[in-house]
Amino acid sequence: MRALARECGFELAGVARAGPAEDMARYREWLAGGNAGEMRYLVDQRAEIREDARRLLPSARSIICVGKLYQTPWPHTTEFRDEDRAWISRYAWGDDYHDVLRRGLEQLAARIAQSTGPLESKICVDTAPLLERSYARLAGLGWIGRNTCLINQQSGSWFFLGELLVSLDLAPDSPPPDRCGTCRRCIDACPTAAIVPQGSGFTLDSRLCISYFTIEQRGAIPREMRAGIGGHVFGCDICQDVCPWNRRAPTTAGPAFAPRLFAPPLAQMAALTEPEFRAIFRGTPVTRARYTGFLRNVAVAMGNRARPEFRAPLEKLAASDDPVVAEHARWALDRCQLARPSNPLTMPGPQ
Ligand code: B12
Ligand code: SF4
Ligand code: SF4
């Protein structure tokens, strides 16, 4: 099965039993603490479906969990110092992973059916109400780090997860040990202190996470959180960039996740029309932010960089018909104002 998965493009694969989700109590505690923010899809009736993978496919006996690497040899946030440019998170540089993984899992389902005969199966990639990291841990793909990412001893954490629920009885794998040890790098490096204690371990409070603000949050970003966002305009990689298990992480084969547009200039992004935004980011995860959400993020990043040459593009954004974009641009203009060289409060905002 692992060999078949590899032939279908997945570097990591393992099997978990399709049954009750072992980590559901953690999930409930996380929701009860308000950590999901405004992500309704985690809280509404779909929360219950996560109780047991068989609610997605009643005949499921096993879950084939796969991992697809997306690391490329391009710089990390830790090496990136260009204040004119926008940081887009590594996972969103190339083709939308939902499509790439789905195609690979369709192939895998067909290959398995060739050798076993007809079977019932269901593909999940990210959007299904399934605790993906929990099952992937049980399938032996890695442990859950303090940054809450699934980490593989050889491959680090730069990989996406997908699952094939199947009506076959396959021998389950076992989870690897937790190898975070005494490390706390991700906790210390997070600019917005989003990795918080939960029980005897840690969890992620989405209401403090840059990835949440720049991708999932609709409407205004809380003012007190904007400075911590730095130059990020879509997602955040910091807690993975600093993880020692990613130091020797292998890169992905194939061009799917190579950057189409690496760290684009902020001024250029601020001037995009909606059709240009759609054309540039078509087929990448960035479209999830939507045009106005993206402009809002660009305004925040410009305010944090507070460069005098950003004033003109920010003036244009401040005149936007969209009240959220306009308000964020005015906030950013105030920051540019404060950053005048003669002013002792000059402070471009944390990285
Ligand atoms: C909502 C969501 C987010 C939210 C919330 C993130 C979070 N940590 O919960 C936001 C928008 C912030 C986010 C950000 C990112 N996300 Co996201 N996200 C999801 C989504 C859709 C649901 C996650 C969820 O249920 N969260 C609720 C918490 C409670 O669940 P959890 O973190 O998975 O934790 C469970 C288990 O891990 C386990 N557990 C946790 N700690 C421990 C400790 C021990 C000892 C044990 C035994 C178990 C255990 O119990 C928990 C409850 O069941 C999943 C896809 C999916 N369907 O699962 C992708 C997913 C987790 N995201 C992914 C990615 C790539 C990202 C980003 C890297 C994107 C980016 N660059 O900006 C960041 C990473 C931020 C981070 N440090 O997690 C990948 C992660 C791949 C990996 N190797 O881990 C996933 C799996 C999507 C995919 N199919 O590839 N994401
Ligand atoms: S993704 Fe960024 S903001 Fe979110 S927990 Fe990691 S370092 Fe913090
Ligand atoms: S940075 Fe350290 S504590 Fe955080 S996930 Fe990586 S090994 Fe674990």
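All values derive from a computational prediction rather than experimental measurement.

Draft legend 1. The arrangement of the packing of helix α13 (residues 291-305) against helix α15 (residues 323-338) in detail. The N-to-C vectors of α13 and α15 enclose an angle of 10 degrees; their axes lie 8 Å apart at closest approach. Relative to α15, α13 is oriented roughly parallel. Counting all contacts with α13, which are made through Thr292, Leu295, Arg296, Ala299, Val300, Met302, Gly303 and Asn304, the residues of α15 involved are Val324, Val325, His328, Ala329, Trp331, Ala332, Arg335 and Cys336. Its residues assigned to classes, the contact of α13 with α15 shows 10 nonpolar, four polar and two charged.

Draft legend 2. Geometry of the site of ligand 2. Looking at ligand 2, the residues that line it are Cys190, Thr192, Ala194, Ile195, Leu204, Cys209, Ile210, Cys236, Ile238 and Cys239. In terms of residue class, the shell around ligand 2 is made up of nine nonpolar, one polar and no charged.

Draft legend 3. Structural context of helix α14 (residues 311-318). Those residues of α14 that sit buried are Pro313, Leu314, Leu317 and Ala318. Seen along its axis, α14 keeps its buried residues to an arc of 145 degrees; they face one direction. Facing away from the buried side of α14, by more than 90 degrees, are the exposed residues Ala312 and Lys316. Packed against the buried residues of α14 are α11 (266-270), α13 and α15.

Draft legend 4. Molecular detail of the site of ligand 1. Taken together, the neighbourhood of ligand 1 is formed by 37 residues, with Ser89, Glu132, Asn147, Leu150 and Ser211 sitting nearest. Between ligand 1 and the protein, one listed contact pairs a nitrogen atom with a backbone N or O atom of Asp126 at 2.9 Å. Here Asn147 contributes a backbone N or O atom positioned 2.8 Å from a nitrogen atom of ligand 1. Of the residues assigned to the shell around ligand 1, the class counts are 20 nonpolar, nine polar and eight charged.

Draft legend 5. Just helix α5 (residues 97-116), in detail. Its 20 residues give α5 an end-to-end C-alpha distance of 28 Å, which sits within 8% of 28 Å, the value for a rise of 1.5 Å per residue. When we look at burial in α5, the residues that qualify are Tyr97, Val100, Leu101, Gly104, Leu105, Leu108, Ala109 and Ile112. Considered in projection along α5, the buried side chains sweep an arc of 170 degrees and stay on one side of the axis. In the core, the buried residues of α5 are packed alongside α1 (2-7), β2 (62-69), β4 (121-124) and β7 (159-166).

Draft legend 6. Representation of the confidence of the model for the protein chain within the structure. Scored by pLDDT, the protein chain has a mean of 95; 96% of the residues are at 70 or more. Segment residues 342-351: pLDDT under 50, and 25 contacts once partners within four positions in sequence are set aside and those in other chains are kept.

Thresholds, definitions, all that
- Residues numbered from 1 in each chain as written.
- Chains lettered and ligands numbered in written order.
- Predicted model: local features only at pLDDT ≥ 70, side-chain atom pairs only at ≥ 80, totals over all residues.
- Heavy atoms only, no water.
- Axes fitted to C-alpha atoms, helices over the stretch in contact; angles between N-to-C directions.
- Helix = DSSP H or I, 4+ residues; strand = E, 2+ residues; numbered from the N terminus.
- Parallel < 35°, antiparallel > 145°, perpendicular 65-115°, else oblique.
- Contact = heavy atoms within 4.5 Å.
- Nonpolar A, V, L, I, M, F, W, Y, C, P; charged D, E, K, R; others polar.
- Near = heavy atom within 4 Å.
- Buried < 20%, exposed > 50% of the residue type's maximum accessible area, 1.4 Å probe, protein only.
- Arc of directions from axis to C-beta.
- Polar contact = N/O pair within 3.5 Å; in protein donor to acceptor, adjacent residues only side chain to side chain.
- Expected span 1.5 Å × (residues − 1).
- pLDDT = per-residue confidence, 0-100.

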